[in-house]
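# Structural characterization, general
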Amino acid sequence: MDSKKKMPNSVAEEEKEKDKEVKIDEGNAKLIEWEDYQQELARFCSLTSALNEAKQKKLVLQQKLQSLIQVEAESLNRSNELDEMREKLESRKLVMGNMSMHSKVAEEKVKKQEEQLSSEIRSLLLAGTALSVASKQLQEANGSLAGERGYLHLKTLQKSLRVRQQYMVSQVSLLYPVKFVIGHRHEQELESFTSSIKSGVTAGSKPLDQGSLTISGLHLTVIPFTKMSFFTDKKEVQQSSTALGYIAHAVLLIASYLQVPLRYPLRLGGSRSYIRDYAPSIEPVSSDSTSNSLVLTNAKPVEFPLFLEGQDSTRAAYAVFLLNKDLEQLLNYIGVKSLGPRHVLANLKELLKTILSPEYIDT
């Protein structure tokens, strides 16, 4: 189709060439004889036929050339398309490479997750087994609690134990009775109850209406240690030492009945009893450096006297403080608050009263 469209252009060019030849022939015209006319005419005809053949060959060549040009153009377009397709293929190869890398990473993650999941499943199976075992044990425990030797039996044993403890403590109360004595004016324990109430003691303590506490008829009269001198009444000091010995014995017996290990153990000796403190003493030791270092020097228990005669008053006061701490420990064990750090006999009476009450058995 393209060759046919280009044919009119070639015909116009041929006509132009003919016109040029006619003009040239007109300029070069010559006369020919009649005898030579036949030869010239034959020659002219042969030339015309050769010219026509040449023109036809030219047309064929033009057509072939046009077809070749079209083929070349098509091949060029196809090569361009092939280049584009190659570029697209390369880009797709890169995308496929990236996708393969991502797929490998995802596959590794999936493998790790599968391993984690398998381990979690194994742990879950173990936990399920342990849970089933625990549930069986719980059922057995519930069965044992519901049986004849179960919770009710335990409560019965606990009640009988508390009854036994109450009986033993009542014997201690009979052995060392703690009573109120009305009208005693002496200074009791470390300070009088009235002054302790004015200074703000705990709400559990009550005023005793000019009364005083005694243990086995002895007052615990501990005169302020700064006031002790050579002229202090020795009998009153001995009575206080004996009272402290009674209190120490009562505390030791009650602690053994309640099965409570005392924080500060006691060494009984009647009116010459001692109490032990296991806290190590700390002494500052100067070193070459600017800071002072503290060294633990005495890891052994230290004994403090529960009597005043012939002893350092500070050590004796600390012994009474530790004895009251033991009483506070026993009170806290049965769920009662201490009446204060200065009321040894009052705390002992509160301990006895609580244990001997009917509520102690039901708790």
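Residues numbered from 1 in each chain as written. Predicted model: local features only at pLDDT ≥ 70, side-chain atom pairs only at ≥ 80, totals over all residues. Heavy atoms only, no water.

Going by the annotation in an unreviewed UniProt entry, the name recorded for the chain is Vacuolar protein sorting 38-like isoform X3, with Coffea arabica given as the source organism.

A count of helical and extended segments in the chain gives 8 helices and 8 strands. Per-residue burial over the chain gives 25% buried out of 363 residues. Counting only contacts in the chain whose residues sit at least 6 apart along the sequence, the fraction spanning at least 24 positions is 67%. (Helix = DSSP H or I, 4+ residues; strand = E, 2+ residues; numbered from the N terminus. Buried < 20%, exposed > 50% of the residue type's maximum accessible area, 1.4 Å probe, protein only. Contact = heavy atoms within 4.5 Å.)

Moving on, we come to the confidence of the model for the chain. Per-residue confidence for the chain gives a mean pLDDT of 78, with 73% of residues at or over 70. Predicted confidence is poor over residues 284–296, with pLDDT under 50, and the contacts of this stretch with residues over four places away or in other chains come to 15 contacts. (pLDDT = per-residue confidence, 0-100.)

Taking strand neighbours across the sheet as the criterion, the 3 strands line up as E4-E5-E8 in an open arrangement whose pairing is antiparallel. Since the sheet does not close on itself, it has two edges, and those belong to strand E4 (266–267) and strand E8 (302–305), each with one partner. Across 4 bridges, the pairing between strand E5 (residues 274–277) and E8 is antiparallel. Across the sheet, the residue bridging to aspartate 277 is valine 302, located in E8. Relative to the sheet, helix H6 (residues 313–333) contacts E4, E5 and E8, its axis offset from that of E8 by approximately 100°. (Pairing = 2+ DSSP bridges. Axes fitted to C-alpha atoms, helices over the stretch in contact; angles between N-to-C directions.)

Ile247, Ile254, Ile275, Leu323, Leu330 and Leu348 are the most contacted members of the largest nonpolar core, which totals 42 residues. Elements that contribute at least two residues to this core include exactly helix H3 (151–175), strand E2 (211–215), helix H5 (234–258), H6 and helix H7 (344–355). At 9 residues, the largest contribution of residues to this core is made by H5. For leucine 330, the residues in contact, after removing those within four places along its chain, are Val251, Ile254, Ala255, Leu258, Val260, Leu262 and Leu351. (Core = buried A, V, L, I, M, F, W, Y, C linked by side-chain atoms within 4.5 Å.)

Before going further, it helps to examine the side chain of asparagine 347. On the secondary structure map, asparagine 347 appears in helix H7. Polar side-chain contacts of asparagine 347 include one of 2.9 Å to the backbone oxygen of histidine 343. Setting aside its immediate chain neighbours within four residues, asparagine 347 contacts Asn324, Leu327, Leu331, Ser338, Leu339 and Gly340. (Polar contact = N/O pair within 3.5 Å; in protein donor to acceptor, adjacent residues only side chain to side chain.)

What follows covers the packing of H6 against H7. Running from amino to carboxyl end, H6 crosses H7 at an angle of 20°, the nearest separation of the two axes being 10 Å. Comparing the axis directions of H6 and H7 gives the class roughly parallel. Crossing geometry of H6 relative to H7 is assigned as left-handed. Contacts between H6 and H7 pair Val320, Leu323, Asn324, Leu327, Leu330 and Leu331 from the former with Val344, Asn347, Leu348, Glu350 and Leu351 from the latter. Broken down by class, the residue content of the contact of H6 with H7 amounts to 8 nonpolar, 2 polar and 1 charged. (Parallel < 35°, antiparallel > 145°, perpendicular 65-115°, else oblique. Left-handed = near helix turned anticlockwise from the far one by under 90°. Nonpolar A, V, L, I, M, F, W, Y, C, P; charged D, E, K, R; others polar.)

It is worth spelling out the pattern of salt bridges at this point. Two side chains of opposite charge can pair, provided their charged atoms sit close to one another. According to the stated counting rule, one finds 6 salt bridges in the structure shown. For arginine 276, the salt bridge is made with glutamate 303, and the minimal N-O distance between the two is 3.1 Å. Here arginine 276 is found in strand E5, whereas its partner glutamate 303 is found in strand E8, with 27 residues between them in sequence. With a relative accessible area of 26%, arginine 276 lands in the partly exposed category. (Salt bridge = Lys/Arg side-chain N within 4 Å of Asp/Glu carboxyl O.)

Moving on to H3. With 25 residues, H3 extends 36 Å between its outermost C-alpha atoms, agreeing within 8% with the 36 Å of an ideal straight helix rising 1.5 Å per residue. Buried residues of H3: Arg162, Gln165, Gln166, Val169, Ser170, Val172 and Ser173, and no others. Check the buried side of H3 and you find it contacts H5, H7 and helix H8 (359–362). (Expected span 1.5 Å × (residues − 1).)

Direction of pairing for E4 relative to E5: antiparallel, over a ladder of 2 bridges. Among the inter-strand pairings, leucine 266 is bridged to a residue of E5, identified as isoleucine 275. Remark: 6 residues form the turn of the hairpin made by E4 and E5, two consecutive strands paired antiparallel; glycine 270 in that turn has positive phi of roughly 70°.

Take the packing of H3 against H5 next. One can describe the packing of H3 onto H5 by two numbers: an axis separation of 10 Å at closest approach and a directional angle of 175°. Classified by the interaxial angle, the pair formed by H3 and H5 is roughly antiparallel. Between H3, through Gln165, Met168, Val169 and Val172, and H5, the contact on the second element is made entirely by Ala250, Leu253, Ile254, Tyr257 and Leu258. When its residues are assigned to classes, the contact of H3 with H5 shows 8 nonpolar, 1 polar and no charged.

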